[in-house]
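# Architecture and fold: a report
So you can see what is in the structure, the chains are spelled out below.
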Amino acid sequence: MKIGKKINQNQKGKIGYGSVKKVLFILLLLVSYNALSWGLTAHRIIGEIAQNHISKKAKKNLKRVFGQESLAFNANWMDLMKSNPDYSYMWSWHYCTIPDDKTYEQIGTPPEKDIIWALNNTMGQLKSDTLNIDEERFALRLLIHLVGDIHQPLHVGNGKDKGGNDVKVLFFGKKSNLHRVWDSEMIDYQKLSFTEWTRMLDNYEKKEIKKLQSSTVLTWANESKMLRASVYDIKGKDISYRYIYEHKYQVQIRLKEAGIRLAGILNEIYK
Ligand SMILES: [Zn+2]
């Protein structure tokens, strides 16, 4: 509505550059949901699970930064910003590449940086206690999102097919690709809200939680890499009940692990 009004109001009858930029921004925003990240629901599930496991102190600090906004609410900010050219420098921060026959230590961080670098860097900044509140909000939005992304097995790519984006498949007969199936289609197919998912998944014992939270970013990436072999086991082009049945626990476990670990990091930052 607002954009249309602005275009009409342009006195010379031409569409102003600012308006074109805004329209493009919104178009790109709609398109960008199709690629490169756990979908909206997955990130919200991870945020909501984390919300259930943060300390009083962390809760208080998050309220100071975000007001009434929950972790789930802020979990997708980084994907929404993908369509804003001002943030194009962060595109490569949503994933990393570790070829099947290599370790991350062997290949190192690429010049454009990756998710492993971005997470360690962001956690370092948040722990340093040197950020003003705007910088802190920005860093937290990155952290909330990227802890999720690194747990999606295809966000740790093999370097051959853009994290499964080039692997064309049919999801119940509909054209798709393997990355999108993992980001959102296997989750959205269940037709559950993120709060219903959270109620179903959030059932770890204290001991398990402690174990999960005592791991590093590199461990999470290596776990995703390990899962990759079975992710590619599609036997033909069609993905439907069999594939979902064989992979649903992997999806659920990765969502849970991401949520619990996000809470652990937030508790550590605000201890
Ligand atoms: Zn992402």
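Predicted model only: the values in this text are computed from it and were never measured.

Let us now look at the pairing of strand S4 (residues 174-177). Where strand S3 (residues 168-171) lies against S4, four bridges are found, and the strand directions are antiparallel. By the bridge assignment for S4, phenylalanine 171 is matched with lysine 174. Hairpin remark: S3 followed by S4, antiparallel, with two residues in the connecting loop; positive phi at phenylalanine 172, about 50°.

A few words now on the nonpolar core. A general feature of soluble globular proteins is that nonpolar side chains tend to end up buried together. By size, the foremost hydrophobic cluster in this structure holds 57 residues, and its most contacted members are Ile46, Ile115, Leu143, Leu146, Val147 and Leu262. It is helix H14 (residues 241-269) that contributes the most residues to this core, 10 residues altogether. In this view, leucine 143 contacts Thr122, Met123, Leu126 and Ile265; residues no more than four positions away in its chain are not counted.

Here the focus is helix H11 (residues 194-201). All of the buried residues in H11 are Phe194, Trp197 and Thr198. One side of H11 holds all its buried residues, which, seen down the axis, span an arc of 100°. Residues Thr195 and Glu196 are exposed on H11 and point more than 90 degrees away from its buried face. Residues of H11 that are buried make contact with helix H3 (40-51) and helix H5 (71-74).

Looking at chain direction, S3 and strand S5 (residues 238-239) are connected through two bridges and run parallel. Looking at S5, one finds that phenylalanine 171 is bridged to isoleucine 239.

On to the confidence of the model for the protein chain, then. For the protein chain, per-residue confidence averages 89 on the pLDDT scale, and 87% of positions sit at 70 or higher. The low-confidence segment residues 1-17, where pLDDT is below 50, has nine contacts with residues more than four positions distant or belonging to other chains.

Turning next to the sheet that holds S4. The three strands are arranged S4-S3-S5 in an open sheet whose pairing can be described as mixed. Pairing within the sheet leaves two strands with one partner each, and these edge strands are S4 and S5. Set on the sheet, helix H10 (residues 178-188) makes contact with S3, S4 and S5; between it and S4 the angle comes to about 95°.

Turning our eyes to something else, we now look at the packing of helix H12 (residues 206-213) against H14. Following both chains from N to C, one finds H12 and H14 inclined at 75°, their axes separated by 9 Å at the closest point. Relative to H14, the element H12 lies roughly perpendicular. When H12 is examined against H14, the residues Ile209, Leu212 and Gln213 are found in contact with a partner set consisting of Glu257, Ile260, Arg261 and Gly264. Taken together, the residues of the contact of H12 with H14 break down into three nonpolar, two polar and two charged.

The subject of this paragraph is the environment of glycine 108. One can find glycine 108 in the loop between helix H7 (104-107) and helix H8 (115-128). Sequence separation between glycine 108 and threonine 97 is 11 residues, and the spatial gap between their C-alpha atoms is 9.6 Å.

Let us look at the environment of phenylalanine 171. Checked against the element boundaries, phenylalanine 171 lands in strand S3. Among the residues examined, phenylalanine 171 registers 19 C-beta atoms within 10 Å and is labelled partly exposed. Residues phenylalanine 171 and valine 181, 10 residues apart in the sequence, show an inter-C-alpha distance of 7.3 Å. Residues within four places of phenylalanine 171 in sequence aside, it is in contact with Ser176, Val181, Glu185 and Ile239.

What counts, and where the lines are drawn
Residues numbered from 1 in each chain as written. Predicted model: local features only at pLDDT ≥ 70, side-chain atom pairs only at ≥ 80, totals over all residues. Pairing = 2+ DSSP bridges. Helix = DSSP H or I, 4+ residues; strand = E, 2+ residues; numbered from the N terminus. Core = buried A, V, L, I, M, F, W, Y, C linked by C-beta atoms within 7 Å. Buried ≥ 20, exposed ≤ 12 C-beta atoms within 10 Å, placed from the backbone. Contact = placed C-beta atoms within 7 Å. Arc of directions from axis to C-beta. pLDDT = per-residue confidence, 0-100. Axes fitted to C-alpha atoms, helices over the stretch in contact; angles between N-to-C directions. Parallel < 35°, antiparallel > 145°, perpendicular 65-115°, else oblique. Nonpolar A, V, L, I, M, F, W, Y, C, P; charged D, E, K, R; others polar.

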